[in-house]
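# Examining the three-dimensional arrangement
Now for the letters of each chain:
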Amino acid sequence: MAQAPDAPKDSPKDALKTGTPQPDAAQIEGLFTDADAGFRFARWGRPIVPVIFGAAEDSLPALKGAIEAVVLAAGHHMAEADPDIGANLMIFFLRDWDELSGVQNMDQLVPDLAGLLPRLASSGADQYRFFRFDQTGAIKAGFVFLRMTGPLAEMPAADLGMEQAVKSMLLWSPQAFAERSPLARIDTTGATVLRADIAALLMAAYDPILPAASGDAVLSLRLAARAGQLMA
């Protein structure tokens, strides 16, 4: 993985200052709609406590700094420890999916690990994530697995941390970022930030007035209205 000595100097909120078009309700609904499960929205209901396994030691400050920047830009919080499980956002860096089968107790952490690994390998996947939820439907834990190959392995550590933080902040559709990255680059400085529409949507999603979880696509209208106000 390419190294980055520091986290990005520009806050993800800077992306709101660009001229990106405001997202409409239909676009937002698509970002949270799964072909099988339908519309599902959820955000974290507790402070995020990340822990990273398998990354190069000199990449950790950039990775953790980028994660913190995204969390704070969304208006959410981080903590030193989760009262239930210590760390609640676990990120694993791998060279090959088979590595997971050799990790002690990983089969207790990942549902259907024996069946999952062949599917990930055969599809050529370079990342996999899943969440656990509390009684209200809000996210209480997230697990991210990254197979460092191809474009993923070439990303600067800070950019990779930012991208994975975005993908872990909400229960996005599996196809939400399949065609377009949530990141953007500022032409004048070369700094990487969140796309303006995604930065605004994250901030809107963590508005305490809105529910922490919902299966009602009408929520897209409320998210669009708040995101539009932030970008106006």
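Presented here is an overview of the structure given in this document. Values in this document were obtained by computation on a predicted structure and should not be read as measured data.

## Quick notes on empty space enclosed by the protein
Counting across every chain of the model gives one cavity of 30 Å³ or more. Size it by volume and the largest cavity reaches roughly 50 Å³. Ile-52, Leu-63, Ile-67, Ile-91, Phe-93, Leu-146, Leu-160, Gly-161 and Gln-164 together form the lining of the largest cavity. Taken together, the elements giving at least two residues each to the lining of the largest cavity come down to α2 (60–73), β5 (89–94) and α6 (157–169). The element contributing the most residues to the lining of the largest cavity is α6, with three residues. Residues that form the lining of the largest cavity fall into these classes: seven nonpolar, two polar and no charged.

## Observations regarding the packing of helix α7 (residues 196–205) against helix α8 (residues 219–231)
To describe two helices that pack against each other, one gives the angle between their axes and the distance between the axes. Here α7 crosses α8 at 120°, and the two axes come no closer than 8 Å. One element, α7, and the other, α8, form an angle in the oblique class. The handedness of the crossing between α7 and α8 comes out as right-handed. On α8, the residues that touch Ala-196, Asp-197, Ala-200, Leu-201, Met-203, Ala-204 and Ala-205 of α7 are Leu-223, Arg-226, Ala-227, Leu-230 and Met-231. Partitioning the contact of α7 with α8 into residue classes produces ten nonpolar, no polar and two charged.

## Thoughts on the sheet that holds β5
Across the sheet, four strands lie side by side as β4-β5-β7-β6; this open sheet has mixed pairing. Looking at the sheet topology across the chains shown, the edges are occupied by β4 (50–53) and β6 (127–133). Across the sheet, the mean angle from the axis of one strand to that of its neighbour is 10°, orientation sign disregarded. Where β5 and strand β7 (residues 139–147) come together, six bridges link them in parallel fashion. Residue pairing in the sheet places Phe-93 in a bridge with Leu-146 of β7. Packing against the sheet, α2 makes contact with β4 and β5, and its axis sits at approximately 150° to β4.

The rules behind these values
- Residues numbered from 1 in each chain as written.
- Predicted model: local features only at pLDDT ≥ 70, side-chain atom pairs only at ≥ 80, totals over all residues.
- Heavy atoms only, no water.
- 1 Å grid on protein atoms, 1.4 Å probe; cavity = no way out; pocket = protein on both sides within 12 Å on 5 of 7 lines; lining within 4 Å.
- Points joined across faces, edges and corners; volume = space filled by probe spheres on them.
- Helix = DSSP H or I, 4+ residues; strand = E, 2+ residues; numbered from the N terminus.
- Nonpolar A, V, L, I, M, F, W, Y, C, P; charged D, E, K, R; others polar.
- Axes fitted to C-alpha atoms, helices over the stretch in contact; angles between N-to-C directions.
- Parallel < 35°, antiparallel > 145°, perpendicular 65-115°, else oblique.
- Left-handed = near helix turned anticlockwise from the far one by under 90°.
- Contact = heavy atoms within 4.5 Å.
- Pairing = 2+ DSSP bridges.

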